[in-house]
Amino acid sequence: MTEETKQIHLNEYQRAAVLDESPACVVNANVGSGKTTVLIEKILYLHQEKQVPLERMVVLTFTNKAADEITERLMRREPQITSEQVQGFGTFHSVALRLLKDRLPVEQEGWTKEFTVMDPDEETDLALDIITEQGLKVKYRNRLKKRLEQEYQAYLTGKTESRYKDDLFRLYPLLLEEKKRQNKMSFADLLRVSMNLLSDGEWHPEWVIVDEVQDSDRLQLEFLEALCGPQKSAKLFAVGDPNQVIYSWRGTGENMFFLLKHRFGAKELTLPVNYRSNASILEAANRFLQFGEQIRGSREETGKIVVKNHYDPFQEAEYLAERIRTFHEKGEPYSGIAVFYRLQKQSEILVKVFERQGIPCELSVKKTLKDIPVLDWLVKVFRFSVNPADAQTAMQVLTDTRYGEKCTKKQAQDIVRRAIGEKGETSERIAAVTAVSGKAGGSDQFFRKMQGFQDYFSDRRTGEGESPSAEELFAYFGLKEMLHPTSAEYASDEEKVIGFLERMCTACSAGTGGRDFTDCVREFINSSALYGMKLDAGEKAADEEKGAEEADTDTVKLMTLHASKGLEFDTVFLTGMNQGLIPLRCRNFEQEEEERRLFFVGITRARNELELSWYTNPGEPGVLGEPSRYLQMIPQHLLKRDDVRTEEEKRNNLQQMRREVQEQIRKKRTESELKPEKKDLEKKEAGDEDLGKKETGDEVLGKEKAGSGTKPPEQRVRHRKYGEGILVSEDEMMVEVEFPGYGRKQFLKAFGEEEML
DNA sequence: GAGCTGTTCTTTTTT
DNA sequence: AGAACAGCTC
């Protein structure tokens, strides 16, 4: 091993993974087990010890964020590595795009090298246009995007009819044809087309390395196979965790980790040691592990997991604000604290209350280009400018009501059809457009600017000071007029546009000079379609320049459980641990298992403190005022039940209990008044129902027993309606009992309906 | 085309 | 549990 690798302290399992030489190897990497470190060391080991050039490796990630982390860490370890050498590092889609542009003969599949990348919504719009034009019968048009994706597999496997017996399968070939005609590819096309060309092509990398492989879908798996070649000429090293599959609802079905292992006949290694969470959190997490051996810890601390019950989401938010303030006063930074929830809309109350209470917080929602109207429009302008075959985008730019010259659909159609509908020389096209210019005035002029963009800038090269400036581009398109100078947003719009143009020009003048400027613009526009975040970084930089708030980085992070994957925090609050929310109402067993993995992912984000809370009054339909079953699945000795009850809640509970008891009494009375036959029938039905509920309850209890070996003595309670349960809490006025299958119930002692065993 | 019945999906989100 | 939709009847 090199000096560098020695400096990094790898455990024996990590070392084995780095040194492994199998043709295909999958590493089952538990949460917090140093997966990325292994990946980085593997790459360096291959590069430095095995003399594999970085250019001969393809390193694939699922998200841009992960791709950035890998290249950043790699370059920090080895500063002499250039960005040229890591061209094959990136997301599946960006690597596919690079291959299609640099190595693969896209012409064979019906596109030219100048193709552009479609926005995901664009494909659906195009499909709708085709449906209208061709008079196709397609059902569930509002769900067309999903249908197009989900039923493609069935279409490929030769099924003759779509699920709903409509014209969807006739749409697919028409859509593909249209995309070729307009010289653009959807995200899925990037993978499919490169897959086809790789399968019968010459070029293959020497090593294929994959991160978070459990998150890939079927198409990505096929892409991987094509990348490794029919004879598996490339070696495969994939890292993933089957216990962290939380996106299977987006596609697949099977667990991709094991499917990949099977398809490649790969050797499986494991990384069993967790370096993140304290012993209690790990012991709890182990109860939710679905694959592999128990996770081993590396820490001695056994702080308890706090479980709290709140009256409602509002009271919970107030409590959290107070609690977080205490943490902060004790010297913990806000940035070490995160609040998780199951549904996006749960964040509303939290944000409002935190803002009012002066707790700095940040909602983790991705900002894309589409959220900034003026940039959404500008990108379309460039998309057409660098791909004059893209009639669809041209139409969208011309008919946009917010920016540019106002133009009716009919006028836009005239302009676009005459210009690109018929093939011909540029001069002819322009002549044709000029012929209709009287009708649409400025629109037509702007259209010609876009269409003439490539010709106008064709002699410009990047790098040598020739490359156009942001101002030049702004003037070329006459953007001052197009951005509506009289509008209230003009100043901020102009700033955003100039900022975007500057970033584009900087990107175009970076790297090796002498390239065609318009090619660079196309590359920039294409990568911004795949990589919405880069613009986000620019936005942030602009904000900081304004000097808005510098202490902005020390904030509490609010996010969904899904968004928490891959992150870690000292302190984690997991809210809304209610039955019907965590887990969310499930239709089948697979869904339930995924909810459990989601909870597993959530709790394993915490390093030191974990607090779980549920509310008595969720105020959402379908969500029960009962604690999640998952709270019962955690060994009780790890928990510190610490209920915060307000007087209001107590009163409410009493009222609720009174109502319940009155209802029971009323029922009993009517029951006894009924005729004997009917009474028996009702009893039978009620009994059946009870049996069903008990079964699920026993299942939970059974799992709990199987999991926890060491259980503290519990006070058992019998109730004539709910059967046997476990005492949860007790005070001078009431008792709270957990019944398997019924959840938690509270009783007034005065009623004396429960019997201690 | 109003009114009915039956079915499916709803949440989570990346490229 | 409830909305949205498809397909049927009149």
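What counts as what
Residues numbered from 1 in each chain as written. Chains lettered and ligands numbered in written order. Predicted model: local features only at pLDDT ≥ 70, side-chain atom pairs only at ≥ 80, totals over all residues. Heavy atoms only, no water. Core = buried A, V, L, I, M, F, W, Y, C linked by side-chain atoms within 4.5 Å. Buried < 20%, exposed > 50% of the residue type's maximum accessible area, 1.4 Å probe, protein only. Contact = heavy atoms within 4.5 Å. Helix = DSSP H or I, 4+ residues; strand = E, 2+ residues; numbered from the N terminus. Pairing = 2+ DSSP bridges. Right-handed = clockwise from strand over helix to strand, strands pointing away. Near = heavy atom within 4 Å. Polar contact = N/O pair within 3.5 Å; in protein donor to acceptor, adjacent residues only side chain to side chain. Nonpolar A, V, L, I, M, F, W, Y, C, P; charged D, E, K, R; others polar. Axes fitted to C-alpha atoms, helices over the stretch in contact; angles between N-to-C directions. Parallel < 35°, antiparallel > 145°, perpendicular 65-115°, else oblique. Left-handed = near helix turned anticlockwise from the far one by under 90°. Disulfide = S-S within 2.5 Å. Phe/Tyr/Trp six-rings, centres within 6.5 Å; stacked < 30°, edge-to-face > 60°. Lys NZ or Arg CZ within 6 Å of the ring centre and 35° of its normal. pLDDT = per-residue confidence, 0-100.

This part covers the nonpolar core. Counting 47 residues, the largest nonpolar core has Trp377, Phe382, Phe453, Leu479, Phe500, Leu501 and Met504 as the members making the most contacts within it. With sequence-adjacent residues up to four places away left out, Leu501 is seen in contact with Leu378, Phe382, Ala470, Leu473, Phe474 and Leu479. Counting residues in hydrophobic clusters, the runner-up holds 43 residues, among them Ala96, Val117, Met256 and Phe257.

So, on to the pairing of strand S13 (residues 569-574). Burial analysis of S13 places 5 of its 6 residues in the buried class, the great majority of the element. Pairing of strand S10 (residues 337-341) with S13 involves 4 bridges; the strand directions are parallel. Bridge pairing in S13 places Phe340 opposite Leu574. Here 5 bridges tie S13 to strand S14 (residues 606-615), and the two strands are oriented parallel to one another. When the bridges of S14 are listed, Leu574 appears paired with Leu612. In terms of handedness, the path from S13 via helix H27 (residues 589-603) over to S14 forms a crossover that is right-handed.

This next bit is on unusual backbone geometry. Cis rather than trans, the peptide bond between Ile582 and Pro583 has omega equal to 5°. With respect to the secondary-structure elements, Pro583 resides in the loop between S13 and H27. In this structure, Tyr140 is a non-glycine residue whose phi angle is positive, near 50°. Along the chain, the position of Tyr140 falls in the loop between helix H6 (120-134) and helix H7 (144-150). With a phi close to 60°, His484 is a non-glycine residue in the positive phi region. Counting through the fold element by element, His484 comes out in the loop between helix H23 (479-482) and helix H24 (490-509).

This paragraph deals with the protein's contact with DNA strand B. Around DNA strand B sit 23 residues, and of these Asn64, Lys146, Leu584, Arg585 and Arg587 come closest. Of what DNA strand B places within 4 Å of the protein, 55% of the atoms are sugar or phosphate. Between DNA strand B and Arg342, the relevant distance is 2.7 Å, taken from a base oxygen to a side-chain nitrogen or oxygen of the residue. Separating a base oxygen of DNA strand B from a side-chain N or O atom of His562 is a distance of 3.2 Å. Split into classes, the residues belonging to the surface near DNA strand B amount to 8 nonpolar, 8 polar and 7 charged.

Before going further, it helps to examine helix H11 (residues 218-228). Across the 11 residues that make up H11, a large majority, 9, are buried. By the burial criterion, the buried members of H11 are Leu219, Gln220, Leu221, Phe223, Leu224, Glu225, Ala226, Leu227 and Cys228. Two or three places before Leu219, at the start of H11, stands the capping residue Asp217, its side-chain oxygen 3.2 Å from that residue's backbone nitrogen. Gly229, located one to two residues past H11, shows a positive phi value of around 90°.

Interhelical geometry of helix H17 (residues 391-399) versus helix H20 (residues 442-451) gives an angle of 140° and a closest axis separation of 10 Å. With respect to their mutual orientation, H17 and H20 come out oblique. Once H17 is placed against H20, the crossing between them reads as right-handed. Residues Ala394, Val397 and Leu398 of H17 lie in contact with H20, whose contacting residues are Ser443, Phe446, Phe447 and Met450. Within the contact of H17 with H20, the residues separate by chemical class into 6 nonpolar, 1 polar and no charged.

Tallied over the full model, the rule gives 0 disulfides. With no disulfide of its own, Cys508 has Cys520 as its nearest cysteine by sulfur position, at a separation of 4.6 Å. A residue is classified by how much of its surface remains accessible, and Cys508, at 2% relative accessible area, is buried.

Attention now moves to the protein's contact with DNA strand C. The immediate surroundings of DNA strand C are formed by Lys139, Tyr140, Asn142 and Arg585. Considering the 4 Å shell around the protein, atoms of DNA strand C inside it are sugar or phosphate in 76% of instances. Here a phosphate oxygen of DNA strand C and a side-chain polar atom of Asn142 are 2.9 Å apart. Taking Arg585, its side chain carries an N or O atom lying 2.4 Å from a base nitrogen of DNA strand C. Here the surface near DNA strand C is composed, by residue class, of 1 nonpolar, 1 polar and 2 charged.

In the structure shown here, the tally under the stated rule is 30 aromatic pairs. Where Tyr152 meets Tyr172, the ring centres are 5.0 Å apart and the plane angle is 80°; that geometry is what we call edge-to-face. Linking Tyr152 in helix H8 (residues 152-156) with Tyr172 in helix H9 (residues 168-181), this pair joins segments that are 20 residues apart in sequence. Like Tyr152, the residue Tyr172 is buried in the burial classification. The rings of Trp377, Phe382, Tyr403, Phe446, Phe453, Tyr456, Phe457, Tyr476, Phe477 and Phe517 are connected pair by pair, giving a single aromatic cluster. If you follow Lys101 out to its NZ or CZ, it ends over the ring of Phe115, 4.1 Å from the centre. Cation over ring: Lys232 sits above Phe264, and NZ or CZ is 4.7 Å from the ring centre.

Predicted coordinates in regions of low pLDDT should not be interpreted in detail. Across chain A, pLDDT averages 82, with 79% of residues at or above 70. In this model residues 1-6 is a low-confidence stretch, pLDDT under 50, and it forms 9 contacts with partners more than four residues away in sequence or in other chains.

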